[in-house]
Structures are given as C-alpha cells and as structure tokens.
Amino acid sequence: MSTVRVVSFNGLRLRLGAALGFQSPLFEQFARALDSRDEADLQLAIQALEACPEPMRASVQNVLVDWLFDPEDASGLLDLPAATEARH
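Residues numbered from 1 in each chain as written. Predicted model: local features only at pLDDT ≥ 70, side-chain atom pairs only at ≥ 80, totals over all residues. Heavy atoms only, no water.

S.K.: What's the story with a nonpolar patch on the surface in this structure? I'm lost.
M.R.: Together, Val-65, Leu-68 and Phe-69 make up an exposed nonpolar region whose accessible area comes to about 310 Å². On the secondary structure map, Phe-69 appears in helix H4 (residues 54-69). Relative accessible area serves as the criterion here: at 61%, Phe-69 is assigned to the exposed category. (Patch = residues over 30% accessible without salt bridge, like charges linked within 9 Å, V, L, I, M, F, W, Y side chains within 5 Å. Areas by Shrake-Rupley, 256 points an atom, 1.4 Å probe, with all protein chains shown as cover. Salt bridge = Lys/Arg side-chain N within 4 Å of Asp/Glu carboxyl O. Helix = DSSP H or I, 4+ residues; strand = E, 2+ residues; numbered from the N terminus. Buried < 20%, exposed > 50% of the residue type's maximum accessible area, 1.4 Å probe, protein only.)

Rendered as structure tokens:
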C-alpha cells in the first residue's frame, strides 16, 4: 500500500526562509518564484543559487529533498479547502 503525502509551496517557502534567512535576497527570489508559480522566476532563483558558495547550495538542496521526502511534513493539508457535507 502506498502512502499519500500532501506538501505545499508554503511549506517549502518556510523551510527555505529558515535555511537562508527570511531577509536574504536569495530567499526573496525563491519566495517570489513560489508565490507567482512562475517558471522564469524559479529559473532566475536557481541561477542565483548556482553563483552561491557550495555550502549554501548544499543547504538549499537539502531543504528541497527534506521537503519532498519528510514523512512528517503534511503542510499541504493546511492549503486544502475544508471538508464539506456535500456529496458528489
């Protein structure tokens, strides 16, 4: 049986902010890309990350992997609409 997990960009945003600092220019680039869901903005953030020192790149990579595979993260459930009595 497979396990279903629901993660969110909001959860990723918080993890990146904790790793990079919520006031850092790199975090602001990633936050803007996640908020806009814009592929070009995300590509710019990734290019900016590529210019950073290796420890920072490794930290962001770890954040991404942890966000994707952390079995305790159910942050995406908070972004779902509330259940209703309606039946389809």
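Here the narrative resumes.
S.K.: Teacher, can you tell me more about H4 here?
M.R.: Given 3.6 residues per helical turn, the α-helix brings residues three or four places apart onto the same face. For H4, spanning 16 residues, the distance from its first C-alpha to its last is 22 Å, which sits close to the expected 22 Å at 1.5 Å a residue. Looking only at H4, the buried set comprises Val-60, Val-63 and Trp-67. Taken down its axis, H4 places every buried residue within 55° of arc, on the same side. Among the exposed residues of H4, those pointing more than 90 degrees away from its buried face are Pro-55 and Phe-69. Looking at the buried residues of H4, the elements they touch are helix H1 (9-20), helix H2 (25-36) and helix H3 (39-50). (Expected span 1.5 Å × (residues − 1). Arc of directions from axis to C-beta. Contact = heavy atoms within 4.5 Å.)

S.K.: Got a minute to help me understand the nonpolar core in this structure?
M.R.: One broad trend across soluble globular proteins is that nonpolar side chains are buried collectively. The biggest cluster of nonpolar side chains holds 14 residues, and the ones touching the most others in it are Leu-12, Leu-16, Leu-20, Leu-26, Phe-30 and Val-60. Contributions of two or more residues to this core are made by H1, H2, H3 and H4. Tallying contributions element by element places H2 first for this core, with five residues. Setting aside chain neighbours within four positions, we find Phe-30 in contact with Leu-16, Leu-20, Leu-42, Ala-45, Ile-46, Leu-49 and Val-60. (Core = buried A, V, L, I, M, F, W, Y, C linked by side-chain atoms within 4.5 Å.)

S.K.: I tried to follow the environment of Gln-29 on my own but got confused; where do I start?
M.R.: Mapped onto the fold, Gln-29 is located in helix H2. Considered as a pair, Gln-29 and Asp-41 are 12 residues apart in the sequence and their alpha carbons are 7.4 Å apart. If we skip the residues at most four places from it in the chain, Gln-29 touches Leu-44, Ala-45 and Ala-48.

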